[in-house]
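# Remarks on the overall topology
What follows is each chain in one-letter form.
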Amino acid sequence: MHSEKALVESCIKGERSAQKELYTQYSSGMLVVAMRYTKSDQEAEDVLQEAFIKVFQRIKDFRGESSLGSWIKRIVVNTALNSQRSKLYMFPMVDVEVMHNDLETEFSLSEYHFKELLGFIQELPAGCNAIFNLYAIEGYSHKEIASMLDISIGTSKSQYSRARQLLQQRINKESISRYEKAK
């Protein structure tokens, strides 16, 4: 097993064994990232494959300013966003200056398995899904998201709020269903 630097250098040289090692080491984690932005496993796998093609094409540009995993993750996120970009504009994103937010109530997610939560996120409309992932999971600011998606900051905030509302409704619905089954 190579160190990160040696792995990158071997990939730059085009060594297939190093490329396979890099893919093996990072692909499963990056598939989870891709799945958050897509509606199906197949779509996520397509994004992953396209992202790793870009990784291998651009590996010579990796400067080591961040970890290799962070660099690859950024490529996966950007690839997923590019894949979803055309879909984002098919759905209206409403820019709401003042939005009443009844989501101050916290709710527990501890009873849900990761796959269930991922499914809830995948059910979100495309615009809400992308913004929820970028803000809540990736940690981008609304200003950065607005720049990435070419939308206003207000639109980013309102879509995030809508995503939270939809997720809370979905989780509440699931909780009621579980409660009724347990009776």
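Here the structure is a predicted model, which means the values were calculated and not measured.

Right, let's get into the overall build of the protein chain. Of regular secondary structure, the protein chain possesses eight helices and zero strands. Ordered by position in the sequence, the α and β elements of the protein chain form the string α-α-α-α-α-α-α-α. Here the protein chain, with 183 residues, has 41% of them falling under the buried criterion. In the protein chain, once contacts between residues fewer than 6 apart in sequence are set aside, the share between residues at least 24 apart is 72%. Summing over all exposed atoms, the protein chain offers an accessible surface of approximately 10700 Å²; the carbon and sulfur share of this is 52%.

So, on to the nonpolar core. In this structure, Leu-22, Leu-68 and Ile-72 are the most contacted members of the largest nonpolar core, which totals 45 residues. Counting only elements with at least two residues in this core, the list comes to helix H1 (4–12), helix H2 (16–37), helix H3 (41–58), helix H4 (68–88), helix H5 (114–122), helix H6 (126–137), helix H7 (142–149) and helix H8 (153–182). Setting aside residues no more than four positions away along its own chain, Leu-22 makes contact with Leu-7, Cys-11, Phe-52, Val-55, Phe-56, Ile-59, Leu-68 and Ile-72.

Quick look at the pattern of salt bridges now. Two side chains that carry opposite charge are able to pair once their charged atoms sit near each other. Within the structure shown, the criterion is met by six salt bridges. A salt bridge links Glu-138 to Arg-36, with the shortest nitrogen-to-oxygen separation between them at 2.2 Å. Of this pair, Glu-138 sits in the loop between H6 and H7 while Arg-36 sits in helix H2; the two residues are 102 residues apart in sequence, bridging distant segments of the chain. Per residue, the accessibility class of Glu-138 equals that of Arg-36, and both read buried.

Given a rise of 1.5 Å per residue, 30 residues ought to cover 44 Å, and the 43 Å separating the end C-alpha atoms of H8 matches this to within 8%. Within H8 the residues assigned to the buried category are Thr-155, Ser-156, Ser-158, Gln-159, Tyr-160, Ser-161, Ala-163, Leu-167, Gln-168, Ile-171 and Glu-174. If you follow the buried residues of H8, they end up packed against H5, H6 and H7.

Axis separation between H2 and H3 bottoms out at 9 Å; the angle between their running directions is 135 degrees. One finds that H2 runs oblique with respect to H3. When you trace H2 past H3, the crossing you get is right-handed. Listed contacts from H3 to Gln-19, Leu-22, Tyr-23, Tyr-26, Ser-27, Met-30, Leu-31, Ala-34 and Met-35 of H2 are Asp-41, Ala-44, Glu-45, Val-47, Leu-48, Gln-49, Phe-52, Val-55 and Phe-56.

Attention now goes to the confidence of the model for the protein chain. Taken over all residues, the pLDDT of the protein chain has a mean of 84, while the share at 70 or more is 84%. Taken together, the stretch residues 90–107 has pLDDT below 50 and engages in 28 contacts with residues farther than four places along the chain or on a different chain.

Under the criterion given, the structure shown has five aromatic pairs. An angle of 15 degrees between the planes, with centres 6.0 Å apart, marks the rings of Phe-132 and Tyr-160 as stacked. In this pair, Phe-132 sits in helix H6 while Tyr-160 sits in helix H8, placing the two residues 28 residues apart along the sequence. Of the residues examined, Phe-132 reaches a relative accessible area of 12% and is grouped as buried. By way of ring pairs, the aromatic residues Tyr-23, Phe-52 and Phe-56 are connected into one cluster.

The next point concerns unusual backbone geometry. Excluding glycine, most residues fall at negative phi; most peptide bonds, likewise, are trans. Notably, Asp-150 is not glycine yet its phi reads approximately 55 degrees, a positive angle. Looking at the secondary structure, you find Asp-150 in the loop between H7 and H8. For Asp-150, a relative accessible area of 67% corresponds to the exposed category.

Once that is clear, we can look at the environment of Lys-143. If you trace the backbone, Lys-143 turns up in helix H7. Given a relative accessible area of 62%, Lys-143 falls into the exposed group. For Lys-143 and Gly-154, which are 11 residues apart along the polypeptide, the C-alpha to C-alpha distance reads 9.2 Å.

How each quantity is defined
Residues numbered from 1 in each chain as written. Predicted model: local features only at pLDDT ≥ 70, side-chain atom pairs only at ≥ 80, totals over all residues. Heavy atoms only, no water. Helix = DSSP H or I, 4+ residues; strand = E, 2+ residues; numbered from the N terminus. Buried < 20%, exposed > 50% of the residue type's maximum accessible area, 1.4 Å probe, protein only. Contact = heavy atoms within 4.5 Å. Areas by Shrake-Rupley, 256 points an atom, 1.4 Å probe, with all protein chains shown as cover. Core = buried A, V, L, I, M, F, W, Y, C linked by side-chain atoms within 4.5 Å. Salt bridge = Lys/Arg side-chain N within 4 Å of Asp/Glu carboxyl O. Expected span 1.5 Å × (residues − 1). Axes fitted to C-alpha atoms, helices over the stretch in contact; angles between N-to-C directions. Parallel < 35°, antiparallel > 145°, perpendicular 65-115°, else oblique. Left-handed = near helix turned anticlockwise from the far one by under 90°. pLDDT = per-residue confidence, 0-100. Phe/Tyr/Trp six-rings, centres within 6.5 Å; stacked < 30°, edge-to-face > 60°.

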